[in-house]
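Residues per chain, in single letters:
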Amino acid sequence: MWRNRQTINYAVVMSSIFLLSFLINTHVQAQITQLDPARMQEISVTLENARAEIQAKELDEKEVIARMKERGVDLENIDPATADPQQIQAVFNDVVAELEREKLATSAATSDADTSTAISVDTTVQPSVQADEAIEEAIEEAGEAKIYGHQIFRNGSINISRDFSNIKAPDSYRLGAGDQVAISIFGTSNATLKLIIAEDGFMRPVGIRPIYLKGIPLRQARRIITSAFQTRYRFNDDQIEVSLDLARTININVVGEVLRPTDYNLPATNNIVNALAQAGGPTDIGSVRQIELIKGEERLLFDLYKYLLNPAAANAFYLEEGDYINVPVINKVVTIQGAVRRPFQYELLEGENLSQLIDYAAGLQPNAYTSNIRIRRIDAEAEVLEILDVNWRELRAKGEDFVLQSNDVIIIRTIEKTYRNYVEIVGDGAIEFPGEYQLQAGMRISDLVQKARLEEEARTDIVFLARTQPDGTIDYERVDLANVLQNPGSDIDLLLKAEDELRLTRKSDFTDSGFVTIFGAVRKDTANIRLDFDDKLRVSDALLLAGGLKPNANAYAFLTRQNPNNTEERNSRAINVREIADNPGGSDDIILQPFDQIQIFSNQTFTESFNVQVRGAVRSPGGYAYTDNMTLSELIQRSGGLALGAAMNKIEVFRIQFEENEATQTVVAVLEVDENMRVDSDEFLLQPLDIVVVRRIPDFELIQTVKIQGEVQYPGDYALIDDNERIRSIVERAGGLTLEAFGEGVTLYRELDTIGYVVFDFEKAMRDKSSIDNLILKPGDLIQIPKQQDLVAISGATKAVELLPDNYLEDGQIDVVFSEGKRAMYYVRKYAGGTSPNARKGNITVEQANGRVDRTVNFGLFKIYPKVEKGASIAVPYKPQEEKDESDAAEAEPVDWGQIVSNTVSQLTAVFTLIFLIERGTS
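Each chain carries its own residue numbering, running from 1 in the direction its sequence is written. A pLDDT threshold of at least 70 governs which residues receive local features in this predicted model, and a stricter bar of 80 or more applies before side-chain atom pairs are shown or counted, although totals over entire chains, interfaces and linings include all residues. To obtain the side-chain values, all non-hydrogen atoms of the structure were used and water was disregarded.

Engineer: Any chance you could break down the environment of Glu 802 for me, citing the residues and the numbers?
Structural biologist: Helix and strand assignments follow DSSP, with helices taken as H or I runs no shorter than four residues and strands as E runs no shorter than two, numbered in order from the N terminus. With respect to the secondary-structure elements, Glu 802 resides in helix α21 (residues 800-803). The exposure class of Glu 802 is partly exposed, given its relative accessible area of 45%. Remark: the alpha-carbon pair of Glu 802 and Leu 193, spanning 609 residues in sequence, is separated by 6.8 Å. Burial here depends on accessible area, computed with a 1.4 Å probe over protein chains only, as a share of the maximum for the residue type. Under 20% is buried, over 50% is exposed, and the range in between is partly exposed.

Structure, rendered in structure tokens:
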């Protein structure tokens, strides 16, 4: 078919050879055969001229593409084989003229508008960067908050929801016109819907009565929607999810004492606190307790302090289109300082006084002095500053309160002086209950010791009484405690004073102590047994305390001793622990010193253990402990016997030969044994470290099978009779294909090495036995030959779930009739209603019946979708959320149509020419 095509210069082919590695594949090649280079050049020029005209007239490129698509010219999915350049130019001219008329009309309307309007409407979905910067500047200029409540707006702790999608709306959120509701059903019926509430308040799902939702809280709306959808779909109440998918935009006005009063466009999910934060919050004189939410004739009062105690309180103050938020001037402000948990300025309402103020300040500190609270007050009439002393402790006992006035300053002082009515006794290990005790009248040293309970370890001759003097210095007085306890109440039994401290010592504080360590072959834990030191402890005593010697203990041990004057210096001596254990008190049974170490060895320490190994065709290969006079037959028996296929005439024994002071040598003995593992009826003796290898019979192999299922004359298991038997051979042995066989859908599943399904072309394998698709079979392979198929499956991001009845869908998939020669987008548009807005059209894939996956090829402005064969599955992927943002950003950048088409034309022309020459050369 290539012989009648135009010949192109050979140099063009050579310059384009490097493009072949990524442009040619099976489905791209089929498309290229239909392209005409002259047509491609004409399309390129048309699009390049259109691009230049859009830039010259400063039109919106995305808007041009959208309106041309409405008129039947989809620039994003141009089919170069069928596109008509004249039609593209005509539609483009029509769209450009329409946009220019609209542009002129908008300019005229703008010039006639009244620029003195008090409130301008911001039509942007999100606040501008300039607006955000203005708020930040206003907050920075306002400085730190002075009134409690202002700080939450100035420290950035309030988040403003500006994203209209993926919003987690509270159950109290009231739905309105423009809200988009997401409904997912996963019961006997399955459906995923996104429906918008119309201006009349109704949501109109297909096949269900209209549902009125305007002003309905989301919690109640879930019940209403569930009930309505159960008239069409089959599911239980817990098998449906209803959520707000896209919030409507509302315009509200924030006025009064806020940092930036104006109107704002926000998602309706924001509450009154979010709106105030958008306006920067109240000014220094703005109220936080009497904020007005004005809804037409209705006025609601919002108290921020209630919100701070319970943030859910703000949900009751939901926002609607046209609402006003008015922040009036603050009225009654008081200041509280000192011993409260949150000193600040607070706004008080009428009827709120000192008790409410202390509550707002999070309560008193533990050391607050409440018998005399000081209040500074301005007497406006006398124009003087007054000081009032309030016994809050007494008022609270009577159940009374103290009335505050605006601008009062409440000062609560702390009890700074620490308690002094105590004495203390200390001495770790010398007394049972050390610590502080209440100082009572006439209390003496003996009384304090009696309370703390003296330990036997205490030294009564070394006791000190530490007494703090008025100037803060400490005097120490030595006390003869033994004499004091024998003569309680005497002159030596001193009277105690506040903050006296009696300090005791213990006997061990004045003695050297240490330990000895014994480890090794003793019955107790041999890791390390530490024994408290005793000046009469001998080696025999240490052995008994360690449980005695183990039976395998060696007679000789080592005693290591430190030099008491230099702990880094040590010396060792050998001792006969067997002799010491049998005859304690002998010359070797020496008295131990602190930090002595006794190491006792076992007999195994001085003996070498050996093993032998068996490898190859035995049931349990591995290493085995060597025993005296161990034979080959004994080792084979211990390894479970010979495995199937073992070669009894090829058993090798590797042995190491060594002599004292000589280099080692390895020798090999090749044995032929009988059924009793004897060599010429004699036992073969092994030596330590021998390695026995039992070889397998050459080419020994059990029967290996494959399975063929489906449309062959004789399906079932087949033994592989050749080393490299292939698919075609097995099919022929199975009687060949039936008339129902569907060759395009044949699959091969390979268990070996957990490979899984192998993609190949079955029809090529059957046509040509030397084809690479005629694969060599492996044991366990499964060939499945299905019946003829004439359907195509479509799933993913299409409009099928919105347009088709539920019974046509199975897990979001529809099955449609196969049409010869059609590509993926043909099926999506004809049977699934096209792609949904969040589809990744450039990533559409087709999985053919045999498992091969073909992908869409993108050439910038247009795409070549894969061809569809019988039994194929078309998958339209969704855009991930993050990709939506990225793709939106990408679409905002200008597309260089001319460059894309020019590059595409040159690439396709080169490939076209090379294929032409190759085909002509092989024909």
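Moving on from the model shown.
Engineer: Would you mind going over the pattern of salt bridges in detail, with residue names and values included?
Structural biologist: For salt bridges, the criterion is a side-chain nitrogen of Lys or Arg within 4 Å of an Asp or Glu carboxyl oxygen. According to the stated counting rule, one finds 29 salt bridges in the structure shown. Asp 284 is the partner of Lys 146 in a salt bridge, and the nearest nitrogen-oxygen pair spans 3.3 Å. Of this pair, Lys 146 sits in the loop between α7 (129-142) and α8 (151-154) while Asp 284 sits in the loop between α10 (272-278) and β8 (291-295); the two residues are 138 residues apart in sequence, bridging distant segments of the chain. Measuring nitrogen to oxygen at the nearest pair gives 2.6 Å for the salt bridge that ties Arg 733 to Glu 725. A relative accessible area of 30% places Arg 733 in the partly exposed class.

Engineer: Describe in detail the pairing of strand β13 (residues 373-379), supporting the description with residues and values.
Structural biologist: DSSP bridges decide pairing: two strands pair if at least two such bridges lie between them. Bridging between β13 and strand β14 (residues 384-390) involves seven bridges; their strand directions are antiparallel. For Arg 377, the partnering residue across the bridge sits in β14 and is Glu 386. Strand direction decides the pairing type here: β13 and strand β15 (residues 409-412), joined by three bridges, are antiparallel. When the bridges of β15 are listed, Arg 376 appears paired with Val 409.

Engineer: If you had to explain the packing of aromatic side chains to someone new, which residues and values would you point to?
Structural biologist: Here a pair means two rings of Phe, Tyr or Trp (six-membered ring of Trp) with centres within 6.5 Å. Their orientation is stacked below 30 degrees between planes, edge-to-face above 60, and tilted elsewhere. Enumeration over the complete set of coordinates arrives at 15 aromatic pairs. Seen from their ring centres, Tyr 749 and Tyr 757 are 4.9 Å apart, and the 70° between their planes marks the pair as edge-to-face. Residue classification places Tyr 749 among the partly exposed positions, given a relative accessible area of 31%. Accessibility expressed as a relative area gives 57% for Tyr 757, which makes it exposed. Taken together, a centroid distance of 5.4 Å and an interplanar angle of 85° make the contact between Tyr 826 and Tyr 827 edge-to-face. Residue class for Tyr 827 comes out buried when judged on its relative accessible area of 0%.

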